[in-house]
Amino acid sequence: MNYWLMKSEPSAYSIDDLARDKVTNWNGIRNFQARNFMRDQMKVGDKVLFYASSADPSGVAGTAEIAREGYPEKEEPWVMVDVKFVEKFAEVVPLETLKKTKGLENMMVIRKGARLSIQPVTKSEFDIVVKLGRTK
């Protein structure tokens, strides 16, 4: 099993939208590295940290999981996956909290310039963030 962080601006698609829709296709990704993650590595059942970017505060809003592996968008060479809602946290776990939390020092999302909208995370990082989200 793999673990991921997937970013979305709440004004475009929020954790509440995913909770309402239950499942959605994650499309419109126009970065080759992110596309390759979706095409080559994401598998059904993989766990996802749903990250609200350009939000106040930006941070992890809940969790989801991969419901369908990569398949083509209408526009070549891009692909999408389907994502299924799992849980919304009572409060967003802010980026500032992630930066200060032991065990998350190597998390890609806290690195300067790490703007990739889909990022791998470790099981340990996933578990720490979920624990933070559930204790708020």
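(A) Helix α2 (residues 32-41), seen in detail. Looking only at α2, the buried set comprises Ala34, Arg35, Phe37 and Met38. End-on, the buried residues of α2 take up no more than an arc of 155 degrees, which puts them together on one face. Those residues of α2 that are buried are in contact with β1 (3-8), β2 (23-26), β4 (59-72), β5 (79-94) and β6 (118-121). Between a side-chain oxygen at the N-terminus of α2 and the backbone nitrogen of Gln33 the separation is 2.9 Å; the capping residue is Asn31.

(B) Representation of the layout of surface pockets within the structure. Quantified by volume, the largest pocket comes out at close to 660 Å³. For the lining of the largest pocket, the elements supplying multiple residues, two or more each, are β1, β2 and α3 (95-100). For the lining of the largest pocket, the element with the highest residue contribution is β2, accounting for three residues.

(C) A look at unusual backbone geometry. Here the bond from Asp56 into Pro57 is cis, since omega is 0 degrees, no more than 30 degrees from zero. Here the phi dihedral of Lys22 falls at roughly 70 degrees; this positive angle occurs in a residue that is not glycine. In this structure, Lys22 sits in the loop between α1 (15-21) and β2. Positive phi, normally seen in glycine, also occurs at Ser54, with a value near 50 degrees. Its location among the elements puts Ser54 in the loop between β3 (47-52) and β4.

Rules used in this analysis
- Residues numbered from 1 in each chain as written.
- Predicted model: local features only at pLDDT ≥ 70, side-chain atom pairs only at ≥ 80, totals over all residues.
- Heavy atoms only, no water.
- Buried < 20%, exposed > 50% of the residue type's maximum accessible area, 1.4 Å probe, protein only.
- Helix = DSSP H or I, 4+ residues; strand = E, 2+ residues; numbered from the N terminus.
- Arc of directions from axis to C-beta.
- Contact = heavy atoms within 4.5 Å.
- Polar contact = N/O pair within 3.5 Å; in protein donor to acceptor, adjacent residues only side chain to side chain.
- 1 Å grid on protein atoms, 1.4 Å probe; cavity = no way out; pocket = protein on both sides within 12 Å on 5 of 7 lines; lining within 4 Å.
- Points joined across faces, edges and corners; volume = space filled by probe spheres on them.

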